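Inside the fold
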Amino acid sequence: MPVGPPWERELFPYIRQSWLVVTLAALLVHTCFSLEVTVGKNPQIKARNGTDIYLPCTFTTCIGFEDVTFRWEYTFNVSAPPEILYLGKLKNKKSLPKALDVPNRNYRHDRLTLVPSNQTKDYNLTLLLRDVEFDDAGRYTCIVKNMKEKGNESNATVFLTVVDKFEVVDNTLTLIIVGVVGGVIGLLILILIIKKTISFIIKKNRDKKKDCLVSSSVNDNTDNASKQEAKAKPKA
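Residues numbered from 1 in each chain as written. Predicted model: local features only at pLDDT ≥ 70, side-chain atom pairs only at ≥ 80, totals over all residues. Heavy atoms only, no water.

1. Section: the side chain of Thr126
- Summarising the element assignment, Thr126 is placed in the loop between β9 (123-124) and β10 (127-129).
- Side-chain polar atoms of Thr126 contact the side chain of Asn124, separated by 2.5 Å. (Helix = DSSP H or I, 4+ residues; strand = E, 2+ residues; numbered from the N terminus. Polar contact = N/O pair within 3.5 Å; in protein donor to acceptor, adjacent residues only side chain to side chain.)

This is how it looks when you write it as structure tokens:
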């Protein structure tokens, strides 16, 4: 309980509520302003040698963006220094990304093209890599910096594997297992149906015999009663 003049004690609940509202608003604003870069649900990409592939990257921020700078970096492993593949700048969502000069260009740069944005809430910075080679395998990182968020920066990484040909998965064993399991289940169902049918037939025969015994007992009792009545009648 706060100690002080009466007017302070009366204002204390309102001050506490105001601080709570300010704190929640700050958390909400921070979450809303956060820049997010994504490369899709599966960052692992496998490509066949000599084909064209897309290296996906999109970014979004709920307050919008302006004076965005972005770049793509390539590394073969974590310990190797990154190689800058693409540099670009974006004024706002209505403008098109502008490519910047990349230092130390090599054979990989000439096979890269930035895919135009699809103008959705997520801005597209996907790269098209043509004629994939085995040396292209590695880590591709998309890095975005938004000046509207005081230079907030975010990134996401795609892992590329290059193969000579895609392996054909042999599903023979799986099909055999599925067939055996299905056969066992079918046999169990058949046994259960036969068991139910036999139980039903036995029960019907048992009920039929019981009815016959009851009917026979009733007839015998009727005959005995008739004979006793006949004996009991006096002779005229």
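2. Concerning a nonpolar patch on the surface
- Taken together, Ile176, Val180, Val184, Leu187, Leu188, Leu190, Ile191, Ile194, Ile198 and Ile202 make up a surface patch of nonpolar side chains, about 920 Å² in accessible area.
- Relative to the assigned elements, Ile194 resides in helix α2 (residues 172-232). (Patch = residues over 30% accessible without salt bridge, like charges linked within 9 Å, V, L, I, M, F, W, Y side chains within 5 Å. Areas by Shrake-Rupley, 256 points an atom, 1.4 Å probe, with all protein chains shown as cover. Salt bridge = Lys/Arg side-chain N within 4 Å of Asp/Glu carboxyl O.)

3. Some points on the UniProt feature "transmembrane region" (unreviewed entry) in the chain
- Using the residue numbers shown here, the UniProt feature "transmembrane region" (unreviewed entry) corresponds to residues 173-194.
- Taken end to end, residues 173-194 has its terminal C-alpha atoms 31 Å apart, with 100% of it in helix and 0% in strand. (UniProt positions renumbered as here; feature names shortened; annotations may be inferred.)

4. Digging into the sheet that holds strand β2 (residues 44-48)
- Read across the open sheet, the 6 strands follow the order β2-β12-β11-β5-β6-β7; overall the sheet is mixed. The sheet is open, and its two borders are formed by β2 and β7 (98-100), each paired with just one other strand. Pairs of neighbouring strands in the sheet enclose a mean axial angle of 25°, with direction left out of account.
- Alignment of strand β5 (residues 68-75) against strand β11 (residues 138-146), held across 7 bridges, turns out to be antiparallel. Across the sheet, the residue bridging to Trp72 is Cys142, located in β11. (Pairing = 2+ DSSP bridges. Axes fitted to C-alpha atoms, helices over the stretch in contact; angles between N-to-C directions.)

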